[in-house]
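Coordinates in review
Residues per chain, in single letters:
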Amino acid sequence: MNARASSQTRRRTASFRLAGWISVGAMLALALLGPAATGVMASNEPGSPDFLPNSGDHSSDGLTLTMGDKATIDCDGDSVNSISGSFAFDGTGTVVVYLTPNNGSNASPAGNVEDNQVTIDLTGKTSPVSFTLNVTSGFTATQGGILAVFARGTDTIYHSKSNSLNCEESQPSTAPPSESPSPSESASPSESASPSESVEPSESASPSESASPTDTPTGSVEQATGTPAVTPPSTSTDIAGSSGSSSDGWRIALIGMAVLLASLLVLAPRRKVTGRR
């Protein structure tokens, strides 16, 4: 009877240890999957959950990609024609840049947005690289915004994205021509010294009546300083240029738990059960 109880106890102990080692292996495997596992968890990030355009095309793995925050949009009314921007990179391979709606976007039809992409071969190129993504699957966008993002690699997610854009920011709002100094406002030749008025020296164009040097520079400076006001604001810049950085915290925690559990399994004394003779 005692031998039977001892055998059952040993089996239970072995089962608990086996379950512990299986848990250690599972935690390590999940942590080492890295970005492939974080794609499911980051469900609210633009481009999630798959971080791919509708075509399913991937970028190369192992790159460092940082999208510029000065992208511009070109529209025909409410319809998006193209988005242009640039990105910095480190590494070599192929990069797929595609469009995706930002949170709060009224893009319509929304399903068309991620049809639009451009593929860039980094071979022989230097950082940064400029791109223009022409819209081939049409949509409108007047509220919220549209982002240019990177398609993920097989094992790497690139979280960097452009500033948010919509067609309201595509409308030109430069200073009207009437505000720029015209020849008639500066000093026309008729006001300076016409041949009929230059008979008497006193009526000839005096320096005070001719185009003073201070008039022209004043108008041109005002026009130059007004131009930056129409630059689209950078509203949604990247918070993580390198790949997989947002997943480092939970991966480290998993590895720590796995190491702790493995230590307990190794250091825990094996219980010996002996039966009475």
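Numbering of residues starts from 1 in each chain and follows the order in which that chain's sequence is written. Local features are withheld for residues below a pLDDT of 70 in this predicted model, meaning they are given only at 70 or higher, and side-chain atom pairs are given and counted only at 80 or more; totals for whole chains, interfaces and linings count all residues. Water and hydrogen atoms were dropped before computing side-chain values, which therefore reflect all heavy atoms in the structure.

Scanning the chain from terminus to terminus reveals six helices and seven strands. Put simply, DSSP H or I for four residues or longer makes a helix, DSSP E for two residues or longer makes a strand, and each gets a number counted from the N terminus. Of the regular secondary structure in the chain, the N- to C-terminal order runs α-α-β-β-β-β-β-β-β-α-α-α-α. When a residue's accessible area, from a 1.4 Å probe over protein chains only, is under 20% of the maximum for its type it is buried; when over 50% it is exposed; and in between it is partly exposed. Across the 277 residues that make up the chain, the buried fraction comes to 32%. Contacts are residue-level and defined by heavy atoms, with any inter-residue pair within 4.5 Å sufficient. Residue pairs in contact within the chain that sit at least 24 positions apart in sequence constitute 76% of those at least 6 positions apart. Here the chain displays about 16200 Å² of accessible surface, and carbon together with sulfur accounts for 55% of that area. Per-residue accessibility takes into account occlusion by the displayed protein chains alone, with areas from the Shrake-Rupley method and a 1.4 Å probe.

Buried Ala, Val, Leu, Ile, Met, Phe, Trp, Tyr and Cys residues form a nonpolar core when they are joined through side-chain atoms within 4.5 Å. Counting 29 residues, the largest nonpolar core has Phe 87, Val 97, Leu 99 and Phe 139 as the members making the most contacts within it. Elements supplying a minimum of two residues to this core: strand E1 (64–67), strand E2 (72–76), strand E3 (79–90), strand E4 (94–101), strand E6 (129–134) and strand E7 (146–150). Among residues more than four places away in sequence, those in contact with Phe 139 are Asp 78, Ser 79, Val 80, Leu 99, Ala 107, Ser 108, Pro 109, Asn 112, Val 113, Asn 116 and Ile 146. The next biggest cluster of nonpolar side chains, apart from the first, holds eight residues, and it includes Leu 52, Leu 147, Val 149 and Ala 151.

We now examine the state of the cysteines. By definition, disulfides here are pairs of cysteine sulfur atoms that lie within 2.5 Å. In total, this model carries one disulfide according to the counting rule given. What pairs with Cys 75 in a disulfide is Cys 167, and their sulfur atoms sit 2.1 Å apart. Residues Cys 75 and Cys 167 are joined by a disulfide whose S-S torsion is about -85°; by sign, that bridge is left-handed. In this pair, Cys 75 sits in strand E2 while Cys 167 sits in the loop between E7 and helix H3 (183–186), placing the two residues 92 residues apart along the sequence. By relative accessible area, which is 14% here, Cys 75 ends up buried. Note on Cys 167: relative accessible area 1%, which makes it buried.

On to the packing of aromatic side chains, then. Stacked, tilted and edge-to-face pairs are distinguished by plane angle, under 30 degrees for stacked and over 60 for edge-to-face with tilted covering the rest, among Phe, Tyr and Trp rings (Trp via its six-membered ring) whose centres lie within 6.5 Å. Under the counting rule described, the total for this entry stands at three aromatic pairs. With a centroid separation of 6.3 Å and an interplanar angle of 40°, the aromatic rings of Phe 87 and Phe 131 are classed as tilted. One end of the pair, Phe 87, is in strand E3; the other, Phe 131, is in strand E6, and 44 residues separate them in sequence. There is no split in this pair, since Phe 87 and Phe 131 are both buried.

All right, on to a nonpolar patch on the surface then. A surface patch of nonpolar side chains, about 350 Å² in accessible area, is lined by Leu 28, Leu 32, Ile 255 and Val 259. Mapped onto the nonpolar patch, the elements with two or more residues apiece are helix H1 (2–33) and helix H6 (248–267). Only residues whose relative accessible area exceeds 30% and that take part in no salt bridge are eligible for patches, with like-charged residues grouped when within 9 Å of each other and nonpolar side chains (Val, Leu, Ile, Met, Phe, Trp, Tyr) grouped when within 5 Å. Whenever Lys or Arg places a side-chain nitrogen within 4 Å of a carboxyl oxygen from Asp or Glu, that contact is recorded as a salt bridge.

Once that is clear, we can look at the side chain of Ser 160. Note that Ser 160 resides in the loop between E7 and H3. Taking the relative accessible area as the measure of exposure, Ser 160 reaches 1% and is therefore buried. In protein, a polar contact means a hydrogen-donor-capable atom and an acceptor-capable atom, both N or O and within 3.5 Å, with residues adjacent in sequence counting only if both atoms are side-chain atoms; elsewhere, any N or O pair within 3.5 Å suffices. Separated by 2.7 Å, the side chain of Ser 160 and the backbone nitrogen of Met 67 make a polar contact.

Turning our attention to empty space enclosed by the protein. If a probe the size of a water molecule is rolled over the atoms, the empty space left behind becomes visible. Put plainly, a pocket is an open set of points on a 1 Å grid over the protein atoms alone with protein on both sides within 12 Å along at least five of seven lines, a cavity is a set where a 1.4 Å probe fits but cannot get out, and a lining residue has an atom within 4 Å of a point. Grid points are joined across faces, edges and corners, and a volume is the space filled by probe spheres set on the points. Counted by the stated rule, this structure contains one cavity of 30 Å³ or more. Counted as a void, the largest cavity has a volume near 40 Å³. The wall of the largest cavity is formed by Glu 45, Pro 46, Gly 47, Phe 51, Tyr 98, Val 149, Phe 150, Tyr 158, His 159, Ser 160 and Lys 161. Each residue gets one label: Ala, Val, Leu, Ile, Met, Phe, Trp, Tyr, Cys and Pro are nonpolar, Asp, Glu, Lys and Arg are charged, and the others, such as Gly, are polar. When its residues are assigned to classes, the lining of the largest cavity shows six nonpolar, three polar and two charged.

Attention now moves to the environment of Gly 124. Within the element layout of this structure, Gly 124 appears in the loop between strand E5 (117–121) and E6. Classification of Gly 124 as exposed rests on a relative accessible area of 81%. Separated by 32 residues in sequence, Gly 124 and Thr 92 have C-alpha atoms that sit 8.9 Å apart.

Right, let's talk about the side chain of Ser 162 for a bit. As for its position among the elements, Ser 162 is in the loop between E7 and H3. A distance of 2.9 Å separates a polar side-chain atom of Ser 162 from the backbone nitrogen of Ala 148.

A few words on the sheet that holds E4. Strands were regarded as paired on the criterion that DSSP finds at least two bridges between them. One open sheet holds the three strands; their spatial order is E5-E4-E7, and the pairing between them is antiparallel. Because the sheet does not close on itself, it has two edges, and the strands there are E5 and E7. Each strand axis lies, on average, 25° off the axis of its neighbour in the sheet, ignoring direction. In this sheet, E5 lies alongside E4 in antiparallel orientation, the contact comprising five bridges. If you follow Val 96 over to E5, its bridge partner there is Thr 119. Interaxial angles span 0 to 180 degrees and are taken between N-to-C directions of axes, which are lines fitted to C-alpha atoms, for helices over the stretch in contact.

The quantities given are spatial measurements derived from coordinates; they are silent on function.
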